[in-house]
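As a plain string of letters, each chain reads:
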Amino acid sequence: MEIKARAKINLSLDVLGKRKDGYHELRMVMQTVSLHDSVYLEKIPSGIELVCTNGQIPQDDGNIAWKAAGLMTERYRLKSGVSIKIEKRIPVSAGLAGGSADAAAVLRGMNLLLSLGLDNDSLRELGKRLGADVPYCIEGGTRLAEGTGEILTALPDFSGVDIVLVKPRIDVSTAWVYGNFDTGKVGDSERPDTELIRRVVGRRDLKAVATAMRNVLEKVTVPEYPIVKEAKDRLLEEGAWGSMMSGSGPTVFGIFPDAAAAAEAFGRLSADGRWQCFLTKTE
């Protein structure tokens, strides 16, 4: 069985404050894109086996996809095992939820492969135990995410929008970004108007969405890693209607008016070896 594990971008990201449990209270609009890993699952007599085409990824219980399989096995006392192969396309430590998408794919895939009959509510509850982005990755599409990311509200379809992703060849620690974020140092103009973004997404007004996008975590990541701002600026120079960092970075993306404009920008940006580029669409 093959399950597509799609990358996500943020059309907005606001951090409202720190919770008593140490996590941050978030409000963000999330969107899947066509860039995806392929997760192949096969039933085996017992245990968990995992291989991945990217050597950077742990191939044992340090991998979140392995943990997803272990959680399913433990929770439902499964007798059968599962073999997992991950064909990795989403860059690692990129702010694109690649690991979370793989874990969500394992939860969804094992549910089908082993005929467990679980609904998405049950899968999201399991996903919460694995990571903040996993519940969203169970659902995908266009959604408002609140709480730590687990409270999801479906928004109007925003698929088919032409996107160029630019991932600088650096790694950014999500824990470091959140640890250095100070909500008191973010001005009102730097925060997203989430209700506005919901409205313009609903109208499919690409230019308005591109103009309204904000990510408060840029306040931490951009000063530390100037190449992130350079990538944003280059996307705008190449014709993007708007550009923003996804998650805690370092990947940035641009919204383009059409496929031809996106393809031209992708070609020019790809010539710069300091970053990886991906031509994709929202899904």
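Residues numbered from 1 in each chain as written. Predicted model: local features only at pLDDT ≥ 70, side-chain atom pairs only at ≥ 80, totals over all residues. Heavy atoms only, no water.

Peer 1: Can you help me understand the overall build of the protein in this one?
Peer 2: Scanning the protein from N- to C-terminus turns up 10 helices and 10 strands. Taken over C-alpha atoms, the radius of gyration comes to 19 Å for the protein, in line with the 19 Å a tight globule of 283 residues would show. The buried share of the protein, reckoned over its 283 residues, is 53%. In the protein, the proportion of contacts linking residues at least 24 apart, taken out of those at least 6 apart, comes to 74%. (Helix = DSSP H or I, 4+ residues; strand = E, 2+ residues; numbered from the N terminus. Rg over C-alpha atoms; globule rule 2.2 N^0.38 Å. Buried < 20%, exposed > 50% of the residue type's maximum accessible area, 1.4 Å probe, protein only. Contact = heavy atoms within 4.5 Å.)

Peer 1: How do you make sense of the packing of aromatic side chains when you look at a structure like this?
Peer 2: In this structure the tally under the stated criterion is 1 aromatic pair. Seen in terms of ring centroids, Trp176 and Tyr225 are 6.3 Å apart; in terms of plane orientation they differ by 80 degrees. Their pairing is edge-to-face. Pair noted here: Trp176 is in helix 5 (residues 174-179) and Tyr225 is in the loop between helix 8 (218-224) and helix 9 (226-237), with a separation of 49 residues, a long-range link. Positioned over the ring face of Phe158 is Arg204, at 5.8 Å from the centre of the ring. Note that Arg274 overlies the ring of Trp275, its terminal NZ or CZ placed 4.9 Å from the centroid. (Phe/Tyr/Trp six-rings, centres within 6.5 Å; stacked < 30°, edge-to-face > 60°. Lys NZ or Arg CZ within 6 Å of the ring centre and 35° of its normal.)

Peer 1: Please explain the layout of surface pockets as it appears in this structure.
Peer 2: Any empty space left between the atoms is revealed when a probe the size of a water molecule rolls over them. Taken as a whole, the largest pocket encloses approximately 1,000 Å³ of empty space. What lines the largest pocket is a set of 42 residues, among which Ala97, Ser100, Ala132, Asp133 and Thr174 lie closest to the centre. Of all elements in the fold, only strand 1 (2-18), strand 2 (24-44), helix 1 (64-75), helix 2 (98-113) and helix 5 reach the threshold of two or more residues within the lining of the largest pocket. Grouping the amino acids of the lining of the largest pocket by side-chain chemistry returns 19 nonpolar, 17 polar and 6 charged. (1 Å grid on protein atoms, 1.4 Å probe; cavity = no way out; pocket = protein on both sides within 12 Å on 5 of 7 lines; lining within 4 Å. Points joined across faces, edges and corners; volume = space filled by probe spheres on them. Nonpolar A, V, L, I, M, F, W, Y, C, P; charged D, E, K, R; others polar.)

Peer 1: Looking at this structure, I do not really get the environment of Val92. What am I missing?
Peer 2: Along the chain, the position of Val92 falls in the loop between strand 4 (81-87) and helix 2. Considering only alpha carbons, one finds Val92 and Tyr136, 44 residues apart in sequence, at a separation of 18 Å. Sequence-distant contacts of Val92, defined by excluding residues within four places in its chain, comprise Asn54, Gln56, Ile57, Lys167 and Asp171.

Peer 1: Got a minute to help me understand helix 10 (residues 259-269) in this structure?
Peer 2: Owing to its 3.6 residues per turn, the α-helix aligns residues three or four sequence positions apart on the same side. Along helix 10, the positions that sit buried rather than exposed are Ala262, Ala265 and Leu269. For helix 10, the angular spread of buried residues about the axis comes to 70 degrees, placing them on one side. In the core, the buried residues of helix 10 are packed alongside strand 7 (162-168), helix 9, strand 9 (252-256) and strand 10 (275-281). By the N-cap criterion, in which a side-chain oxygen at the helix start approaches the backbone nitrogen of a residue two or three places on, helix 10 is capped by Asp258, the distance to Ala260 being 3.2 Å. (Arc of directions from axis to C-beta. Polar contact = N/O pair within 3.5 Å; in protein donor to acceptor, adjacent residues only side chain to side chain.)

Peer 1: Would you explain unusual backbone geometry in this entry?
Peer 2: Leaving glycine out, the prevailing phi sign among residues is negative, and the prevailing peptide bond configuration is trans. The linkage connecting Gly249 with the following residue, Pro250, adopts the cis geometry, with an omega of 5 degrees. Residue placement: Pro250 occurs in the loop between strand 8 (242-245) and strand 9. Its identity as a non-glycine residue notwithstanding, Ser93 has a phi of 50 degrees, on the positive side. Note that Ser93 resides in the loop between strand 4 and helix 2. In this structure Ser93 comes out as partly exposed when scored by relative accessible area, which is 38%. Of note in the backbone geometry, Arg204 takes a positive phi value of approximately 55 degrees without being a glycine. Among the structural elements, Arg204 can be located in the loop between helix 6 (194-202) and helix 7 (206-212). Looking at Arg204, the relative accessible area reads 38%, which means it is partly exposed.

Peer 1: It is not clear to me how the nonpolar core should be interpreted in this structure. Could you clarify?
Peer 2: Generally speaking, nonpolar side chains in soluble globular proteins are found buried as a group. Within the largest apolar cluster, 64 residues are counted, with the highest numbers of intra-cluster contacts made by Ile84, Val106, Leu107, Met110 and Val166. Among the elements that take part in this core, helix 2 stands out by supplying 7 residues, more than any other. Those residues in contact with Val106, other than ones at most four positions away along the chain, are Val39, Leu41, Ala65, Ala68, Ala69 and Ile84. (Core = buried A, V, L, I, M, F, W, Y, C linked by side-chain atoms within 4.5 Å.)

Peer 1: What exactly am I supposed to notice about the pairing of strand 6 (residues 151-154) here?
Peer 2: A regular strand carries its side chains on alternate faces of the sheet. In this structure, strand 5 (residues 142-147) lies alongside strand 6, joined through 4 bridges in antiparallel fashion. When the bridges of strand 6 are listed, Ala145 appears paired with Leu152. Hairpin remark: strand 5 followed by strand 6, antiparallel, with 3 residues in the connecting loop; positive phi at Gly149, about 120 degrees. (Pairing = 2+ DSSP bridges.)

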